[in-house]
Amino acid sequence: MPFTSLGLSPDLARAAAELGFSTPTPVQAQAIPVILRGADLLACAQTGSGKTGAFGLPLLQKLQQGAQHTPRRVRALVLVPTRELAAQVGEVLRSLGSALPQRLKIAVVFGGVSINPQMMSLRGGADIVVATPGRLLDLLEQNALKLSAVDTLVLDEADRLLDLGFSEELNRVLALLPAGRQNLFFSATFPPEVQALAGTLLRDPVRVEVEATAANEPAIVQRVIAVDAIKRTELLRHLLKQHESDWSRVLVFVATKYAAEHVAWKLHKNGIFATPFHGDLSQGARTKVLAEFKNGQWDVVVTTDLAARGIDIAQLPVVINYDLPRSAVDYVHRIGRTGRAGEPGLAVSFVSAGSEAHMRLIEKRQGLSLPREVIEGFEPAEAAVPESPGGGGVKGKRPSKKDKLRAAAKSS
DNA sequence: AAAAAAC
């Protein structure tokens, strides 16, 4: 089925093909007609399934009409939760839009870089603004743009933008948007409580939920390795050496900025081309690391959840959870950095005595049960499993309710 | 002992 049969112009269909979208993915096939007819949408589809194209293509087509109007007004606002994602989404929209006979102006704004060029780029208006919330509010306070003519709002990684950390900023932006706008919410994950909140913002929404099937599911092989927490860096080094030829690029997730620095430094000291990536780096350094990782100048990037969502790195065969993510939702986004656009992927999670219960919860949320693998030379010590006093660290033993109560009492 | 997002 071609893109044109969904109602897209031949120009856009060609632009999509040039970006590697030859035929619509399931989420694109379902979302594009809905967006073109002007309905609100809540779309939940797996990582790497082409969500940017799913909103970008119809958005560009709709904006093409009336693009010649002067003065230009911001007609579409795309909000994203990280600066890197803003840059990436802006790039995709620009590539897709370059094929249109009527050129659209796309402004990309985010923090950490000087504001003046962004103010200049908004002078005379823009058709689409792609933004992180903080910098957008800053620009609004300085009257660098108006949102009164926005007729389409896109929330990319919508569940993230709707959660507590962003709610104040998001509400301030929403208050400035016209009431009659079209709202498009996209994410790979929509926890029920976030769906309820989204429901209060959407007007009679169409829900598109692309069920994972054998045909469209990202082919991510998930593995869990049991290891003593203290031996994780050593194990990581071992695995990297062992897979020197087949792991061309590796993204390692850790829990804190400090750990990202520390682990990357340890690897680097051992002759591995590894570098940290997190929010305490300057924006210049962040942009550089990501570009160099994509170029192949770094073999390993050790990152916080800064890189967990949305970031598209082609040919990333492996993601490693050195520390487990805080939630099952974060796990889905993290491992979704690999196995994108039909490529195979491998996600390896390190589990130690203290994180075993948490890993079980993550598996349960996904309806999975993964075997615990042990790597020779890195067998966890039996004594290091205090949570299961009866079994003494027997593989696969589920902690009893009593154990959990005991653990909860200990931690409070 | 969380990360991210504006200055």
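Residues numbered from 1 in each chain as written. Chains lettered and ligands numbered in written order. Predicted model: local features only at pLDDT ≥ 70, side-chain atom pairs only at ≥ 80, totals over all residues. Heavy atoms only, no water.

Where do I start with the packing of aromatic side chains in this structure?
The description of an aromatic ring pair uses the distance of the two centres, along with the angle that the planes make with each other. As enumerated under the stated definition, the model contains 2 aromatic pairs in all. Their ring planes at 55 degrees and their centres at 5.3 Å tell us that Phe55 and Phe186 sit as a pair that is tilted. Pair noted here: Phe55 is in helix 3 (residues 51-64) and Phe186 is in strand 6 (residues 182-187), with a separation of 131 residues, a long-range link. Neither residue differs from the other here; Phe55 and Phe186 are each classed as buried. (Phe/Tyr/Trp six-rings, centres within 6.5 Å; stacked < 30°, edge-to-face > 60°. Helix = DSSP H or I, 4+ residues; strand = E, 2+ residues; numbered from the N terminus. Buried < 20%, exposed > 50% of the residue type's maximum accessible area, 1.4 Å probe, protein only.)

Is there a simple way to think about the protein's contact with DNA strand B in this case?
Arg135, Arg160, Lys257, Gly279 and Arg286 are the nearest of the 22 residues found near DNA strand B. Here DNA strand B approaches the protein such that, of its atoms within 4 Å, sugar and phosphate make up 63%. The separation between a phosphate oxygen of DNA strand B and a polar main-chain atom of Lys257 is 3.0 Å. At 2.3 Å, a backbone N or O of Gly279 approaches a phosphate oxygen of DNA strand B. Breaking the surface near DNA strand B down by element, the ones donating at least two residues are helix 6 (133-141) and helix 8 (164-174). A breakdown of the residues in the surface near DNA strand B according to their chemical character gives 4 nonpolar, 10 polar and 8 charged. (Near = heavy atom within 4 Å. Polar contact = N/O pair within 3.5 Å; in protein donor to acceptor, adjacent residues only side chain to side chain. Nonpolar A, V, L, I, M, F, W, Y, C, P; charged D, E, K, R; others polar.)

Just to check I follow, could you spell out the pattern of salt bridges for this structure?
Side-chain pairs of opposite charge can arise where the charged atoms are in close proximity. Across all of its chains, the model carries 16 salt bridges by this definition. Across the salt bridge formed by Glu356 and Arg360, the nearest N and O atoms sit 3.0 Å from each other. One end of the pair is Glu356 and the other is Arg360, both in helix 14 (residues 356-365) and 4 residues apart, which spans about a single turn. When its relative accessible area of 18% is taken as the criterion, Glu356 is described as buried. The class of Arg360 is buried, set by a relative accessible area of 14%. Between Glu363 and Arg372 there is a salt bridge whose closest N-O contact spans 2.5 Å. Judged by its relative accessible area of 4%, Glu363 falls in the buried class. Each member of the salt-bridge network shares a partner with another, and the members are Glu356, Arg360, Glu363 and Arg372. (Salt bridge = Lys/Arg side-chain N within 4 Å of Asp/Glu carboxyl O.)

Is there a simple way to explain the environment of Arg309 in this structure?
By the secondary structure assignment, Arg309 is in the loop between strand 11 (300-303) and strand 12 (318-321). Sequence spacing of Arg309 and Leu85 is 224 residues, and the spatial spacing of their C-alpha atoms is 8.1 Å. Once residues within four sequence positions are removed from consideration, Arg309 is found in contact with Leu85, Glu157, Asp159, Arg160, Ser187, Thr189, Val329, His333 and Arg337. A polar contact is formed between the side chain of Arg309 and the side chain of His333, at a distance of 3.2 Å. (Contact = heavy atoms within 4.5 Å.)

Hey, could you run me through the domain arrangement of chain A in this one?
By a frequent convention, interface size equals the accessible area lost on bringing the separate parts together. Under the domain assignment used here, chain A contains domain 1 (3-209) and domain 2 (220-400). Summed over both sides, the interface between domain 1 and domain 2 buries roughly 1,400 Å², with carbon and sulfur atoms accounting for 55% of that surface. In this assembly, domain 1 and domain 2 are joined by 3 salt bridges. The closest approach of N and O atoms between Arg309 and Glu157, which form a salt bridge, is 2.7 Å. Between domain 1 and domain 2 we count 9 residue pairs in polar contact (both at pLDDT 80 or more) in total. Considering every element that reaches the side of domain 1 that touches domain 2, the biggest residue donor is helix 4 (residues 83-97), with 4 residues. When its residues are assigned to classes, the side of domain 1 that touches domain 2 shows 5 nonpolar, 8 polar and 5 charged. (Domains from an automatic or database assignment. Buried area = accessible area lost by both parts, 1.4 Å probe.)

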